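Residue-level listing of the chains:
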Amino acid sequence: MKDDIGHTHFDFAELNERERYKLLIGTVVPRPIALVTTVSRAGQANAGPFSFFNVLTHDPALVAIGVENHADRSFKDTARNIRETGDFTVHIIDTGLVNQMEICAIKFGPEVDELQEAGLANVPGQMVQSPRILAAPAALECRLHTTLEVGPAREIIIGEVLGVFIRRDAVNTDNLHVDQVLMDAVGRLGGFRYTRTQDQFEVRTPTVEEFRKGQEITRD
């Protein structure tokens, strides 16, 4: 660790796992939250939230979830179920779902249905086996694309989005515009903190011509 012109530099090679984790979750903010539902081979439903999550590309439509498995390298329910069935559903969380999402984060045994514990009404998936949470503003039904083992107990699960459900009042079916205020998505910060997405502003990237014109005006 050293100071460098107003910033403090941390060499990750000199930090332990927990220290790297604290710096990453404190700086990469806000992170979208995926409440992932899966089903085991035996038909047991499971739900768990992940904030190491994002969309990677739209063509093909891929999302990625960073999963930390057990220290003995055995799979947690989400990772195991996705391997067994080949699919999962990612739900976007709004303010009204935060408390129920946290219930799904409790370390229940594999025999427990977190959806039932959290009181989350759901229906069977349309294109996948995983259930869909009705209260979520959006749900992305995904098919397993790739799993990447990046550490002894850590992996990245990449899913191809087969289809998405969006709450009717939040999407314009004519132009496919999604109203992000009505979506009311919640983001993850460091520690136990979250953030809402209601404070929004727009910034449009100018064309080269617009940028050059602006530069000339500024010089005048």
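Placed above this text is the structure.
Here the structure is a predicted model, which is why all the values come from computation and not from measurement. Counting restarts for each chain: residues are numbered from 1 in the order of the written sequence. Side-chain atom pairs in this predicted model are given and counted only at pLDDT of 80 or more, local residue features only at pLDDT of at least 70, and totals for whole chains, interfaces and linings cover all residues. Side-chain descriptors were evaluated using all non-hydrogen atoms of the structure, hydrogens and water having been removed beforehand.

## Observations concerning helix α2 (residues 77–85)
For the record, the criterion: Working definition: with a 1.4 Å probe on protein chains only, accessible area under 20% of the residue-type maximum means buried, over 50% means exposed, and in between means partly exposed. Only DSSP runs of H or I covering at least 4 residues are called helices, and only runs of E covering at least 2 are called strands; the numbering of each starts at the N terminus.
Turning to α2, its buried residues number three or more, namely Asp-77, Thr-78, Ala-79, Asn-81, Ile-82 and Thr-85. Directly after α2, the chain includes Gly-86, whose backbone phi takes a positive value near 80°.

## Some points on the packing of aromatic side chains
To be explicit about the condition: Any two rings among Phe, Tyr and Trp, with Trp reduced to its six-membered ring, count as a pair given centres within 6.5 Å; such a pair is stacked if its planes are under 30 degrees apart, edge-to-face if over 60, and tilted if neither. Charge over a ring is defined by NZ of Lys or CZ of Arg lying within 6 Å of the ring centre and within 35 degrees of the ring normal.
A complete count under the given rule lists one aromatic pair for this structure. Seen in terms of ring centroids, Tyr-21 and Phe-52 are 6.3 Å apart; in terms of plane orientation they differ by 40°. Their pairing is tilted. One end of the pair, Tyr-21, is in helix α1 (residues 17–27); the other, Phe-52, is in the loop between β5 (45–50) and β6 (53–58), and 31 residues separate them in sequence. Given the relative accessible area of 34%, Tyr-21 is considered partly exposed. Phe-52 gets classed as partly exposed once you look at its relative accessible area, which sits at 41%. Geometry around Phe-165 places Arg-132 over its ring, the cationic atom sitting 3.7 Å from the centre.

## Here we look at the pairing of β5
Just so we agree on the cut-off: If DSSP finds at least two bridges between two strands, the strands pair.
In terms of burial, β5 is largely enclosed, as five of its six residues are buried. Examined bridge by bridge, strand β4 (residues 34–39) and β5 share six bridges and lie antiparallel to one another. Within β5, the residue paired with Thr-37 across the bridge is Ala-47. From the end of β4 to the start of β5, which pair antiparallel, there are five residues, and Gly-43 there has a positive phi angle of about 95°.

## Topic: the nonpolar core
Put simply, the rule is: Put simply, buried Ala, Val, Leu, Ile, Met, Phe, Trp, Tyr and Cys residues joined by side-chain atoms within 4.5 Å make one nonpolar core.
Ile-65, Phe-88 and Val-90 are the most contacted members of the largest nonpolar core, which totals 20 residues. Every element with two or more residues in this core is listed here: β4, β7 (61–68), α2, β8 (87–92), β11 (138–151) and β12 (154–166). If you look at the next biggest cluster of nonpolar residues, it comprises 15 residues, including Leu-97, Val-98, Met-101 and Val-186.

## Digging into the sheet that holds strand β3 (residues 31–32)
The sheet built from three strands is open, its strands ordered β3-β13-β14 with antiparallel pairing. Pairing within the sheet leaves two strands with one partner each, and these edge strands are β3 and β14 (194–196). Bridge analysis of strand β13 (residues 186–188) against β14 gives three bridges, and the strand direction is antiparallel. Across the sheet, Arg-188 pairs through a bridge with Tyr-194, a residue of β14.

## A look at the pattern of salt bridges
Keep this limit in mind: Throughout this description, the term salt bridge denotes a Lys or Arg side-chain nitrogen within 4 Å of a carboxyl oxygen of Asp or Glu.
Enumeration over the complete set of coordinates arrives at ten salt bridges. The shortest N-O distance in the salt bridge between Glu-84 and Arg-80 comes to 4.0 Å. With Glu-84 and Arg-80 both in helix α2 and four residues apart, the pair spans about one turn of that helix. The partner of Glu-155 in a salt bridge is Arg-83, and the shortest N-O contact between them spans 2.7 Å. Taken together, the positions of Glu-155 in strand β12 and Arg-83 in helix α2 put the pair 72 residues apart, joining distant regions of the chain. Among the residues examined, Glu-155 registers a relative accessible area of 4% and is labelled buried. The class of Arg-83 is partly exposed, set by a relative accessible area of 35%. One salt-bridge network, in which partners are shared between bridges, spans Arg-41, Asp-77, Arg-80 and Glu-84.

## Observations concerning the side chain of Arg-132
Filter applied, for reference: Counting rule applied: Lys, Arg positive; Asp, Glu negative; His and chain ends not counted. Every residue pair with non-hydrogen atoms within 4.5 Å of one another is taken to be in contact.
Tracing the backbone shows Arg-132 in strand β10 (residues 132–133). Buried within the structure, Arg-132 lacks any salt-bridge partner; its nearest side chain of opposite charge belongs to Glu-141, at an N-O separation of 5.1 Å. Those residues within four positions of Arg-132 in sequence are excluded, and the remaining contacts are His-91, Ala-121, Asn-122, Val-123, Ala-139 and Phe-165.

## Brief notes about the environment of Gly-159
Considering the arrangement of structural elements, one finds Gly-159 in strand β12. When its relative accessible area of 0% is taken as the criterion, Gly-159 is described as buried. Residues Gly-159 and Glu-111, spaced 48 residues apart in sequence, show a C-alpha to C-alpha distance of 25 Å. Apart from residues no more than four positions distant in its own chain, Gly-159 is found in contact with Ala-61, Leu-62, Val-63, Phe-88, Cys-142, Arg-143 and His-145.

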